[in-house]
Amino acid sequence: MCGIVGYIGTKQAAPIILDGLSKLEYRGYDSAGMAIYDGEKINIQKSVGRLKVLEELTHAGATMPGFAGIGHTRWATHGIPNDVNSHPHFNAQATISVVHNGIIENYIALKNKLIKKGYQFVSDTDTEVVAQLLDYYYKGNPMEAITKVLHRVEGSYALGIMFAEYPDQLFAVRKDSPLVVGKSEDGCFIASDVPAILKYTRTVYYAENQEVIQLFADRLQFYTVDEEPIEKEPVTIEWDAEAAEKAGYEHFMLKEMYEQPKTVTDTLMPRLKNNDIVIDELQMRDEELAAVKKIHIVACGSAYHAGVTGKYVLEGIARIPVEVDLASEFRYRNPILEEGAMVIVISQSGETADTLAALRESKARGFKVLGIVNVVGSSIAREADSIMYTWAGPEIAVATTKAYSAQLIALYLLAMKFAKVRKTVSEEEFNALIFDLKRLPEQIELLLSNKEKIQKFANRYIGAKDIFFIGRGIDYAISLEGSLKLKEISYIHSEAYAAGELKHGTISLIEEGTLVTAVSTQPDLYQKSISNMVEVKARGAFILAVTNVGNTEIEKAADYVVYIPQTNQYFANSLAIIPLQLFGYYVAVGKGCDVDKPRNLAKSVTVE
Ligand code: F6R
């Protein structure tokens with residue numbers, strides 16, 4: 001996720017901005033840049049790579065003198081990481097400069113309009129549209145230009161803006177992307193997060209959606225989008241710097257779990273248009289989609305688990321055969337890919353060696369590969385024929401949570417798109433699916449808000465030796481991921497089983513008090529699940545059940561029940577996984593494990 005820092009005051013701006021950006025490094029980034037007003041004009045320096053490159057380029061800011069500036073660390077979304085796509089972006093005369101965190105959803109339409117009016121674009125970014133649009137509306141009054149732009153852009157944004165004709169002022173605005181504003185005796189600040197400015201001030205203001213902030217060296221003023229002044233009370237930050245990086249959460253994993261409602265919204269909403277699903281990135285016409293005979297999903301770890309769910313959803317909704325493979329197996333098993341097959345690889349990092357090899361293997365055989373990837377500009381993103389990004393932002397904790405949730409959404413969208421073109425769902429069913437999709441973010445939020453209940457339960461199992469997860473169909477896929485979350489961070493042995501399979505061997509491991517987590521979200525399988533619970537209960541198991549609200553019958557078999565809100569059966573994974581993530585997390589916390597960096601694991605597995 002991009003990071004923004006801006007400063008105007010009595011000190012040199014560049015070193016303050018570089019220092020602030022370094023405190024935002026945890027957000028993940030691939031390039032960095034600054035714009036500083038030097039007394040005559042705006043100077044801009046930017047470069048792909050670590051912040052160190054920008055520091056060297058500017059001699060730690062010394063070559064960019066000036067008392068006002070904006071800076072940015074970019075986590076690429078639109079356009080690969082390179083110098084030109086890095087921020088700040090600017091108009092042709094470099095008299096207006098902009099840094100941006102977020103996504104301008106309607107940037108293509110705006111860009112096309114501006115091109116028709118004679119504007120030329122140098123980058124592939126959505127942000128450059130903001131700079132050029134500001135130029136278009138700027139007639140000498142910055143506030144007027146900014147508010148006009150705000151009425152035109154759609155999406156999410158935190159923007160820092162400079163006008164060369166107003167060197168004593170900086171401007172900022174936000175909608176659905178974070179922005180804090182700070183004030184000290186030496187000047188005023190903007191930043192994506194508190195740690196960036198904590199060294200200079202503990203007095204901050206939180207900007208609300210679509211508030212415009214005008215910053216001077218010695219004061220600041222908030223306005224509504226209609227230019228009405230707003231009075232705001234400052235907040236004093238009490239946290240230390242490390243806690244502030246995690247926005248007050250104890251671990252990045254917890255923070256990322258809490259980001260899931262946003263991640264789901266960001267992955268979903270840009271692809272929902274007028275109650276229809278538009279996935280332009282597929283670059284496939286409806287007839288081509290309808291002609292696909294089989295889908296091969298290939299991935300590793302949690303991404304593979306998302307793929308297993310994808311199989312059930314694609315087969316269930318779109319009635320298209322799906323094979324799911326672990327990438328490490330696929331690449332060496334000489335897979336049979338027949339004409340009409342489509343290959344989908346899923347990867348958060350976009351760098352997983354086995355997944356990349358599977359992609360190359362498929363391409364070498366002449367098959368087109370769709371990548372579902374989180375990191376823009378990663379190897380898989382570059383090499384796939386088409387790419388569907390999961391807009392989860394950077395994930396810092398090694399154990400994936402929000403990227404996995406975003407992968408599920410991408411797969412639901414694909415399944416519904418296929419269903420529509422293959423006419424396997426009625427219009428009524430399709431609309432009901434859309435309705436349920438849109439409700440997922442608030443339902444996830446609700447589940448997250450019940451974390452204390454899970455925490456209490458988890459504390460009872462910090463000494464457990466083995467924990468099993470069982471489920472049928474999609475519930476089996478959920479169990480796979482729930483089990484992985486638990487074992488990878490808590491080091492408690494855990495296995496996930498298709499519920500009907502346990503009795504073919506593994507049930508001999510069940511002892512008095514062994515915890516078995518039974519996932520039961522598929523109404524047509526409720527009774528079967530209950531039978532499997534009874535089987536293990538009879539061998540002494542303690543049963544934690546995760547099921548849909550209303551399925552109270554389960555209480556006959558389960559010892560402890562967590563209910564999830566009602567949704568379409570195909571989307572249940574997105575909800576049922578939340579208590580399981582929380583369970584794994586709290587067991588690991590209770591055991592005192594290094595939750596964000598579990599032993600022996602790496603975030604990006606670039607070896608086979
Ligand atoms: C588990 C986890 C891993 C990854 C796997 C694939 O929490 O994060 O299992 O899912 O290593 O990584 P990506 O998605 O980067 O290809």
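Residues numbered from 1 in each chain as written. Predicted model: local features only at pLDDT ≥ 70, side-chain atom pairs only at ≥ 80, totals over all residues. Heavy atoms only, no water.

(A) Geometry of the sheet that holds strand 18 (residues 294-299). With respect to topology, five strands assemble into an open sheet ordered 19-18-20-21-22, the strand pairing being parallel. Each end of this open sheet is capped by a strand with a single partner; those strands are strand 19 (322-326) and strand 22 (386-389). Averaged over all pairs of adjacent strands, the angle between strand axes in this sheet comes to 20 degrees, irrespective of strand direction. One ladder, built from four bridges, connects strand 21 (residues 369-373) with strand 22; its direction is parallel. Note that in strand 22 the partner of Leu370 across the bridge is Ser386. (Pairing = 2+ DSSP bridges. Helix = DSSP H or I, 4+ residues; strand = E, 2+ residues; numbered from the N terminus. Axes fitted to C-alpha atoms, helices over the stretch in contact; angles between N-to-C directions.)

(B) Representation of the site of the ligand in the model. Close to the ligand lie 14 residues, the nearest being Ser347, Gln348, Ser349, Thr352 and Glu488. Note that an oxygen atom of the ligand is positioned 3.4 Å from one of the backbone N or O atoms of Val398. Contact between the ligand and Thr400: an oxygen atom at 3.0 Å from a main-chain N or O atom of the residue. Burial of the ligand by the protein chains amounts to 89% of its free accessible area of 400 Å². In the shell around the ligand, the residues fall into five nonpolar, seven polar and two charged. Each of two domains, domain 2 (246-449) and domain 3 (450-595), supplies a minimum of three residues to the shell around the ligand. (Near = heavy atom within 4 Å. Polar contact = N/O pair within 3.5 Å; in protein donor to acceptor, adjacent residues only side chain to side chain. Areas by Shrake-Rupley, 256 points an atom, 1.4 Å probe, with all protein chains shown as cover. Nonpolar A, V, L, I, M, F, W, Y, C, P; charged D, E, K, R; others polar. Domains from an automatic or database assignment.)

(C) Spatial organisation of the packing of helix 8 (residues 260-268) against helix 15 (residues 427-448). Put simply, helix 8 and helix 15 touch, their axes get as near as 8 Å, and they point 170 degrees apart. One way to sum up the angle between helix 8 and helix 15 is to call them roughly antiparallel. Within the contact between the two elements, helix 8 uses Gln260, Pro261, Val264, Thr265 and Leu268 and helix 15 uses Leu437, Lys438, Leu440, Pro441, Ile444, Glu445 and Leu448. Class assignment for the residues of the contact of helix 8 with helix 15 results in eight nonpolar, two polar and two charged. (Parallel < 35°, antiparallel > 145°, perpendicular 65-115°, else oblique. Contact = heavy atoms within 4.5 Å.)

(D) Representation of unusual backbone geometry in the model. The omega torsion of the bond from His87 to Pro88 falls at 0 degrees, within 30 degrees of zero and hence cis. Tracing the backbone through its elements, the reader meets Pro88 in the loop between strand 4 (68-74) and strand 5 (89-90). The residue Asn274 is not glycine, and still its phi comes out positive at about 50 degrees. Looking at the secondary structure, you find Asn274 in the loop between strand 16 (272-273) and strand 17 (276-277). The residue Lys423 is not glycine, and still its phi comes out positive at about 55 degrees. Within the fold, Lys423 resides in the loop between helix 14 (402-422) and helix 15. A relative accessible area of 70% means that Lys423 is categorised as exposed. (Buried < 20%, exposed > 50% of the residue type's maximum accessible area, 1.4 Å probe, protein only.)

(E) Spotlight on the nonpolar core. One finds Ile295, Ile297, Ile344, Leu413, Met416, Phe418 and Phe583 to be the most contacted residues of the largest nonpolar core, which totals 118 residues. Sequence-distant contacts of Phe583, that is, excluding residues within four places in its chain, are made with Ile454, Phe457, Ala458, Tyr461, Ile467, Leu486 and Leu515. Met143, Ala145, Ile146 and Leu159 belong to the second largest nonpolar core, which has 30 residues in total. (Core = buried A, V, L, I, M, F, W, Y, C linked by side-chain atoms within 4.5 Å.)

(F) Geometry of helix 16 (residues 451-459). For helix 16, every residue scored as buried is listed here: Ile454, Phe457 and Ala458. Relative to the axis of helix 16, the buried residues are bounded by an arc of 100 degrees and lie together on one face. Its buried side turned inward, helix 16 meets strand 25 (515-520), strand 26 (542-548), strand 27 (560-564) and helix 19 (572-590). (Arc of directions from axis to C-beta.)

(G) Region of interest: the environment of Met143. Within the secondary structure, Met143 is located in helix 5 (residues 142-152). Sequence separation of Met143 and Gln214 is 71 residues, and the distance between their C-alpha atoms is 8.5 Å. Sequence-distant contacts of Met143, that is, excluding residues within four places in its chain, are made with Phe171, Val212, Tyr223 and Glu227.

(H) Fine view of the sheet that holds strand 26. Judged by pairing direction, the sheet is parallel, and its five strands sit side by side in the order 24-23-25-26-27 without closing on themselves. On the outer flanks of this sheet lie strand 24 (493-498) and strand 27, each paired with one strand and no other. In this sheet, neighbouring strand axes are inclined to one another by 15 degrees on average, regardless of whether the strands run parallel or antiparallel. When strand 26 meets strand 27, the two strands line up parallel, connected through five bridges. Of the residues in strand 27, the one forming a bridge with Ala545 is Val561.

(I) Main features of the packing of aromatic side chains. One pass over the full model with this rule turns up 16 aromatic pairs. Ring-pair connections join several aromatic residues into one group, and the members of that group are Phe457, Tyr461, Phe542, Tyr560 and Phe583. (Phe/Tyr/Trp six-rings, centres within 6.5 Å; stacked < 30°, edge-to-face > 60°.)

(J) Quick look at the side chain of Lys246. Here Lys246 shows up in the loop between helix 6 (241-245) and helix 7 (252-258). Residues within four places of Lys246 in sequence aside, it is in contact with His251, Phe252, Lys255 and Asp596.

(K) Expanded view of the domain arrangement of the protein. Domain assignment breaks the protein into domain 1 (3-243), domain 2 (246-449) and domain 3 (450-595). Domain 2 and domain 3 are separated by 24 Å when their C-alpha centres are compared. Between domain 2 and domain 3, the contact holds 36 residues from the first and 32 residues from the second. Contact between domain 2 and domain 3 buries roughly 3,000 Å² in total, counting both sides, with carbon and sulfur atoms accounting for 66%. (Buried area = accessible area lost by both parts, 1.4 Å probe.)

(L) Structural context of helix 3 (residues 107-116). Looking only at helix 3, the buried set comprises Tyr107, Leu110, Lys111 and Leu114. For helix 3, the buried positions fall inside an angular range of 100 degrees around the axis, keeping them on one side. Of the exposed residues in helix 3, the ones pointing more than 90 degrees away from its buried face are Ile108 and Lys116. Its buried side turned inward, helix 3 meets strand 6 (96-104), helix 4 (127-137) and helix 5.

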